[in-house]
Amino acid sequence: EMTSNENSISFHLTKDFKDSEVDLDKLMLCTNSEKEQTADKLREFLKEEEEIKPLQIIEIDKDGKTETAVKAGMYLICQFEDTEDFEIQPVIAAVPTVNETLDEWEYETTLKPKFVLHSDAPDTGDLKLVSQRVQILGAMCIVLSVFILTVVYIWRARKVRK
């Protein structure tokens, strides 16, 4: 939940999350890594507290995108059901956020949570082949660069002798 006055806003845990031991004031000042850890902690808390139901269940399209509208507040966005295909990292998002110049509130935001695709596809060796080709191409570029520099050096040396 959010409370606000003229120049600031503050977030408070809803009653469902009171026992999660998360400090939202610290969350606003911590690093991205600490925010990720807090989101993971809240996700684990949700797994234990089965009576807490999501405010919204949002399906993503085939491109992994979705849109939704929410009222002002701070939200845990997470994957509720585990799948074999992918795993989305939990994210904590606040609405509104401060713009880049720190002088206005923005009520629209774009989130790009980290995700892992799970694939049972057999290793075909294609990635190793691409890696080898990149290494060969890099070596060829180095040799070609040395050759060009040598030709330029010899050409300049001959020009100076004349």
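Keep in mind that this is a model prediction, so the values were computed, not measured.

Reading guide: rules and limits
Residues numbered from 1 in each chain as written. Predicted model: local features only at pLDDT ≥ 70, side-chain atom pairs only at ≥ 80, totals over all residues. Heavy atoms only, no water. Core = buried A, V, L, I, M, F, W, Y, C linked by side-chain atoms within 4.5 Å. Buried < 20%, exposed > 50% of the residue type's maximum accessible area, 1.4 Å probe, protein only. Helix = DSSP H or I, 4+ residues; strand = E, 2+ residues; numbered from the N terminus. Contact = heavy atoms within 4.5 Å. Phe/Tyr/Trp six-rings, centres within 6.5 Å; stacked < 30°, edge-to-face > 60°.

### Observations concerning the nonpolar core
Right, so step 1: Of all hydrophobic cores here, the largest spans 13 residues; its most connected members are Phe11, Phe17, Leu24, Leu27 and Met74.
Right, so step 2: If you list the elements that add at least two residues to this core, you get helix H1 (24–27) and helix H2 (32–48).
Right, so step 3: No other element matches H2, which puts three residues into this core.
Right, so step 4: Apart from the residues within four sequence positions on either side, methionine 74 is in contact with Phe11, Leu24, Leu27, Met28, Ile92, Ala93 and Ala94.

### Considering the packing of aromatic side chains
Right, so step 1: For the structure shown, the criterion picks out one aromatic pair.
Right, so step 2: Look at phenylalanine 17 and phenylalanine 45: their rings are 6.0 Å apart centre to centre, the planes differ by 40°, and that puts the pair in the tilted class. Of this pair, phenylalanine 17 sits in the loop between strand S2 (9–11) and H1 while phenylalanine 45 sits in helix H2, and the two are 28 residues apart along the sequence.
Right, so step 3: Given a relative accessible area of 9%, phenylalanine 45 falls into the buried group.

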